[in-house]
Amino acid sequence: MSNGGSSNAPLHPEELDRLKKAAQEQLKSLGVDDQIKSLVAAKRLHPNPIKGKEPGLTPERAMAQLKGQGVIAQVAKTINLSEIVENSSFSSRRQPLRAVPSMSKRYLHVKIKSGIGLALGSSAAISSNDHLLVCGELFGQRFRSAPVHGTAAPTFETSALIELPGHAAADPSTLLTHRQPLHLVVLHAQPAPALLTPHDASDTARMSTSPSASTTATTASIGIAQRSHSWGQQGPSTPGPGSAPMRGHSSGSGSNAGSAANITPNAAYSLTATSGQQSHQQGPIRPVTSVSTTDLLRMSNKVDVVGTCHIDWRQALTNTGEVNCHNVQLTSQAHAGSVGMISVDLEVTPSLAEPVEPAALRAQTDAEARRDMEAMASFSGRMKEWWQEFSHDTLSRRQEGSLRLTCMGEDGLLRPCCAFVKPLQLGRVLATPREAARFVSLLAPKESQETAANRLCSLHTLLESCQATQAEKAMLLASLLLGYGLDAWVCFGADAVGQQTWVLTRPSKDVALFWDPSSGMRHSPSSAGQPKGCPFRSIACVFNQQRLYGNLQAAEGLAAASYVVEDPARWRELPVHVHDIPGAPGMRFDLHMQPFDSAGHELRLESELKKALSDHRAESLGHTPTAWDDNMAYVLMSSLAGHEQEALTGQPSANHEDFQQCVKRSIPPGCMFKGSSQHHRTLCSSLVLQGMLRETAIRDMLATQVTDVHFALRVKIVAYPEHVCSVWLMLALKYPTARSARGSRDT
């Protein structure tokens with residue numbers, strides 16, 4: 001495999017020497033060198049024959065002798081030429097290639113080499129302590145590079161094999177019709193201050209077990225749901241949250257797989273050596289000290305999308321035995337123009353005997369461009385006619401500000417809104433619609449909603465970054481609900497603040513149910529305007545992957561509105577056809593769910609937070625010691641166990657009364673108990689600490705200075721696909737009341 005250029009070009013002398021040396025080392029490792037020496041020693045081959053007794057040794061006779069002894073057959077069977085070539089390249093990192101998985105298939109060898117000027121695209125400056133990684137997807141096959149230290153010109157040097165459609169013996173020109181581009185996403189992860197330290201031996205990150213209490217502030221958004229309990233001698237004065245059994249994937253101790261490109265059941269074949277594997281150890285549960293790439297993203301202070309790009313991989317079909325080199329510009333959803341470049345090599349393997357003519361590829365791409373233009377022109381014409389009729393209705397004019405008929409994709413193409421919704425079945429990880437809604441609600445909101453709203457990111461970008469705008473969440477949730485078979489629609493409308501996007505499902509044509517993608521909660525339209533009811537106020541249009549309807553009814557009064565969209569007196573349809581959708585059809589792929597050591601991460605978080613909270617009390621109260629009660633912390637588990645189930649179902653947990661009884665029996669008579677729980681989306685200790693200190697109830701608890709006060713902290717983590725997680729924690733304290741203290745002194 002060459003580095004580009006003509007296949008007939010002579011090799012550089014230094015490169016030729018490296019190739020010879022690598023071949024000699026390979027032959028020696030296979031034992032071929034020893035066999036040749038033994039043949040010579042046995043006089044089966046005579047390098048210096050005596051004149052008149054043996055014929056002279058020629059290359060042809062030597063080759064015949066070696067073939068007769070089976071040496072050549074052994075070499076052809078065991079040697080890996082691609083490994084020799086890869087190891088002989090001028091790369092600074094050794095990356096052995098695996099054998100092609102199947103000779104009946106063709107593969108695209110993707111090699112991500114380096115980036116240029118990537119610091120220009122991120123919302124924050126990239127430092128050497130940060131991490132950068134590249135995520136790729138093609139034909140539903142995903143791969144991810146190992147993280148590298150942040151720099152303006154990082155060297156990734158990661159490779160993957162992507163299986164191409166069809167059989168290896170098929171005409172390569174048949175692949176021209178597969179226009180799905182290779183999609184790359186560059187991520188920037190900021191480690192938590194004073195918690196993550198670089199590791200010189202591998203690309204995994206390690207955690208410090210003694211964090212500093214003085215962590216720096218961060219601008220990352222985190223979701224917090226706060227609950228408080230304050231129970232005295234006579235029982236609870238305010239009911240606390242109940243508990244319920246946790247979901248199966250959140251309990252127990254798992255193992256952390258290292259950073260690898262093989263991250264999904266239908267992933268691309270990783271060609272990059274992986275490291276950082278953490279084996280499962282028997283014995284007591286210990287805090288996590290080594291993490292995978294997925295956990296690195298979960299624990300990061302902040303994760304940004306530096307940029308994305310789409311590469312037409314079909315250019316590799318026009319080369320014979322050569323590498324197709326690309327320096328591709330990256331674009332950002334939040335920044336105009338280019339945000340850097342990335343260097344990528346593409347090669348089809350096995351090599352094509354007859355490459356595709358460049359003229360054939362140009363003709364195919366030109367036809368696709370014409371088709372896209374004609375599709376949008378046809379839809380735009382019908383859209384203008386529809387809008388003229390729709391805007392004449394006096395009731396519909398109130399909806400104009402919330403009505404959107406087209407959206408721009410990540411690639412810059414304008415498409416009908418229906419193009420961004422399609423039934424999705426992303427594997428076995430999310431088993432129910434409510435689990436899907438919970439997963440979508442846990443995606444981090446983007447910092448700049450207005451800037452990001454100009455373009456909708458692709459599904460691959462959304463899942464790799466685990467960030468989404470409200471509109472992107474709604475379209476993803478609707479697609480997932482359609483995949484379960486529900487009658488789901490995306491709604492454009494407004495709430496009390498302004499424009500809003502949510503999801504509508506119809507158990508029957510005349511019954512509607514709203515899904516809030518930011519919380520995962522479901523609301524009846526009849527609860528609109530009520531306290532803790534439906535937050536939405538008006539609806540302008542609804543759409544799914546096939547149809548779009550504009551609302552002809554009054555803007556106010558969702559409770560009285562009809563959701564029979566097939567009724568032309570109340571809803572006006574804008575026809576959307578399959579051929580109206582420009583661009584390549586999207587591919588499905590499974591969500592990634594890596595083994596997760598929930599118990600180890602819970603212990604790590606508890607240890608770091610208790611140390612930080614103790615330091616906070618010592619600093620603010622004058623070196624006041626903080627006593628931690630492990631027995632009380634154990635009791636808190638029964639409360640935390642039901643929080644995630646409540647978030648899934650929207651109903652109080654069945655174990656609410658059990659938790660109250662546990663507290664009453666574990667707290668001595670005459671003692672006061674107070675507790676407050678929170679919810680977070682991150683495993684970053686510094687972010688969790690900041691969220692805790694922002695809550696008035698927790699700050700008041702930490703300021704308690706009574707005699708014999710004891711604190712307790714418990715953390716419960718539920719892992720979701722990709723690097724999404726739900727973190728629940730509860731801080732509690734107990735102390736004797738003044739009456740009980742006087743009774744003790746009298747006694």
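Computed from a prediction, not measured in an experiment: that's the story for all the values here.

**Concerning the layout of surface pockets**
Part 1 of the argument: Estimates place the volume of the largest pocket at around 1400 Å³.
Part 2 of the argument: Surrounding the largest pocket, 50 residues form its lining, Arg415, Lys422, Ala584, Pro585 and Gly586 being those nearest its centre.
Part 3 of the argument: For the lining of the largest pocket, the secondary-structure elements that each account for two or more residues are β13 (302–311), α7 (358–391), α10 (459–465) and α11 (470–483).
Part 4 of the argument: Considering every element that reaches the lining of the largest pocket, the biggest residue donor is α11, with four residues.
Part 5 of the argument: When its residues are assigned to classes, the lining of the largest pocket shows 24 nonpolar, 13 polar and 13 charged.

**Here's the deal with the pairing of strand β24 (residues 536–543)**
Part 1 of the argument: Judged by how many residues are buried, β24 sits mostly within the fold: seven of eight residues are covered.
Part 2 of the argument: Note: strand β20 (residues 488–495) against β24, six bridges, orientation antiparallel. Bridge pairing links aspartate 495 to phenylalanine 536 in β24.
Part 3 of the argument: Where β24 and strand β25 (residues 547–551) come together, three bridges link them in antiparallel fashion. Each bridged residue has a counterpart across the sheet, and for valine 542 the counterpart in β25 is tyrosine 549.
Part 4 of the argument: Linking β24 to β25, which pair antiparallel, is a turn of three residues.

**Remarks on the nonpolar core**
Part 1 of the argument: In terms of nonpolar packing, the biggest core is built from 56 residues, with Phe439, Leu443, Met475, Leu476, Val503, Phe543 and Tyr720 touching the most fellow members.
Part 2 of the argument: Put simply, the parts of the chain that give this core at least two residues each are α7, α8 (433–441), α10, α11, β20, β22 (511–515) and β24.
Part 3 of the argument: Per element, the largest residue contribution to this core is nine residues, and it comes from α11.
Part 4 of the argument: Not counting the four nearest positions on each side in its chain, methionine 475 is found in contact with Cys407, Phe420, Val421, Leu456, Val490, Phe492 and Phe543.

**Observations concerning the packing of aromatic side chains**
Part 1 of the argument: Taken as a whole and assessed by the stated rule, the structure comprises ten aromatic pairs.
Part 2 of the argument: Considering the side-chain rings of tryptophan 386 and phenylalanine 390, the 4.6 Å spacing of their centres and the 10° angle between planes classify their relative orientation as stacked. With tryptophan 386 and phenylalanine 390 both in helix α7 and four residues apart, this pair spans about one turn of that helix. Both residues of the pair, tryptophan 386 and phenylalanine 390, count as buried.
Part 3 of the argument: Here the aromatic residues Trp502, Phe514, Phe536 and Tyr563 are joined through ring pairs into a cluster of three or more.
Part 4 of the argument: Over the face of the ring belonging to tryptophan 515 we find arginine 522, whose NZ or CZ atom lies 5.1 Å from the ring centre.

**Some words on helix α13 (residues 630–649)**
Part 1 of the argument: Its 20 residues give α13 an end-to-end C-alpha distance of 30 Å, which sits within 8% of 28 Å, the value for a rise of 1.5 Å per residue.
Part 2 of the argument: A bend of about 30° at serine 638 is the largest found in α13.
Part 3 of the argument: The opening residue of α13, the one whose side-chain oxygen lies 2.9 Å from the backbone nitrogen of asparagine 631, is aspartate 629.
Part 4 of the argument: Where α13 ends, the next residue or the one after it, glycine 650, has phi of about 75°, a positive value.

**Examining helix α14 (residues 656–666)**
Part 1 of the argument: Those residues of α14 lying buried are Phe659, Gln660 and Val663. For α14, the arc enclosing every buried residue in end-on projection is 100°, short of the 170-degree limit, so these residues lie on one face. Counted as exposed and oriented over 90 degrees from the buried face of α14: Glu657 and Arg665.

**As for the environment of leucine 462**
Part 1 of the argument: Following the sequence through the fold, leucine 462 ends up in helix α10.
Part 2 of the argument: When the C-alpha atoms of leucine 462 and lysine 473 are compared, they prove to be 9.2 Å apart, with eleven residues separating the residues in sequence.
Part 3 of the argument: When sequence neighbours within four positions are dropped, the list of residues in contact with leucine 462 reads Leu443, Cys457, Gln467, Ala468, Glu472 and Leu476.

**Side note on the packing of helix α12 (residues 598–621) against helix α15 (residues 685–694)**
Part 1 of the argument: Where α12 contacts α15, the axes come no closer than 10 Å and their chain directions differ by 50°. Here α15 runs oblique to α12, going by the angle between their axes. Considering the relative orientation of α12 and α15, their crossing is right-handed. The residues of α15 that touch α12, namely those facing Arg604, Leu605, Glu608, Leu609, Ala612, Leu613 and His616, are Ser685, Val688, Leu689, Met692 and Leu693.
Part 2 of the argument: Tallied by class, the residues present in the contact of α12 with α15 amount to eight nonpolar, two polar and two charged.

**Looking at the pattern of salt bridges**
Once the charged atoms of two side chains with opposite charge are near each other, the side chains can pair.
Part 1 of the argument: Enumeration over the complete set of coordinates arrives at 23 salt bridges.
Part 2 of the argument: With its nearest N and O atoms 3.6 Å apart, the salt bridge here joins glutamate 157 to lysine 111. Placement of the pair is glutamate 157 in strand β5 (residues 155–163) and lysine 111 in strand β1 (residues 107–116), with a sequence separation of 46 residues.
Part 3 of the argument: Owing to a relative accessible area of 10%, glutamate 157 belongs among the buried residues under this scheme.

**Re unusual backbone geometry**
Part 1 of the argument: Cis geometry marks the peptide bond from threonine 349 to proline 350, where omega comes out at -5°.
Part 2 of the argument: One can find proline 350 in the loop between β15 (338–349) and α7.
Part 3 of the argument: Its identity is not glycine, yet glutamate 157 carries a phi of approximately 50°, on the positive side.
Part 4 of the argument: A positive phi angle, near 55°, is found at cysteine 466, a position not held by glycine.

**Observations regarding the sheet that holds β20**
Part 1 of the argument: The seven strands are arranged β23-β22-β21-β20-β24-β25-β26 in an open sheet whose pairing can be described as antiparallel. The sheet is open, and its two borders are formed by β23 (522–523) and β26 (571–575), each paired with just one other strand.
Part 2 of the argument: Strand direction decides the pairing type here: β22 and β23, joined by two bridges, are antiparallel. Residue pairing for β23: phenylalanine 514 is matched across the bridge by histidine 523.
Part 3 of the argument: Its contacts with the sheet put α7 on β25 and β26, and the angle it makes with β26 is roughly 165°.
Part 4 of the argument: The strands touched by α11 are β20, β21 (499–508), β22 and β24; relative to β21, the strand with the most contacts, the crossing angle is about 15°.

**Observations concerning the environment of glycine 550**
Part 1 of the argument: Structurally, glycine 550 can be placed in strand β25.
Part 2 of the argument: When the C-alpha atoms of glycine 550 and tryptophan 387 are compared, they prove to be 9.5 Å apart, with 163 residues separating the residues in sequence.

**Some points on the confidence of the model for the protein**
Part 1 of the argument: The predicted model of the protein has a mean per-residue pLDDT of 76, with 68% of residues at 70 or higher.
Part 2 of the argument: Segment residues 195–265: pLDDT under 50, and 244 contacts once partners within four positions in sequence are set aside and those in other chains are kept.
Part 3 of the argument: Confidence drops under a pLDDT of 50 for residues 741–747, and excluding neighbours within four residues, the segment shows zero contacts in the predicted structure.

Procedures and definitions
- Residues numbered from 1 in each chain as written.
- Predicted model: local features only at pLDDT ≥ 70, side-chain atom pairs only at ≥ 80, totals over all residues.
- Heavy atoms only, no water.
- 1 Å grid on protein atoms, 1.4 Å probe; cavity = no way out; pocket = protein on both sides within 12 Å on 5 of 7 lines; lining within 4 Å.
- Points joined across faces, edges and corners; volume = space filled by probe spheres on them.
- Helix = DSSP H or I, 4+ residues; strand = E, 2+ residues; numbered from the N terminus.
- Nonpolar A, V, L, I, M, F, W, Y, C, P; charged D, E, K, R; others polar.
- Buried < 20%, exposed > 50% of the residue type's maximum accessible area, 1.4 Å probe, protein only.
- Pairing = 2+ DSSP bridges.
- Core = buried A, V, L, I, M, F, W, Y, C linked by side-chain atoms within 4.5 Å.
- Contact = heavy atoms within 4.5 Å.
- Phe/Tyr/Trp six-rings, centres within 6.5 Å; stacked < 30°, edge-to-face > 60°.
- Lys NZ or Arg CZ within 6 Å of the ring centre and 35° of its normal.
- Expected span 1.5 Å × (residues − 1).
- Bend = angle between axes of the 7 residues up to and from the residue.
- Polar contact = N/O pair within 3.5 Å; in protein donor to acceptor, adjacent residues only side chain to side chain.
- Arc of directions from axis to C-beta.
- Axes fitted to C-alpha atoms, helices over the stretch in contact; angles between N-to-C directions.
- Parallel < 35°, antiparallel > 145°, perpendicular 65-115°, else oblique.
- Left-handed = near helix turned anticlockwise from the far one by under 90°.
- Salt bridge = Lys/Arg side-chain N within 4 Å of Asp/Glu carboxyl O.
- pLDDT = per-residue confidence, 0-100.

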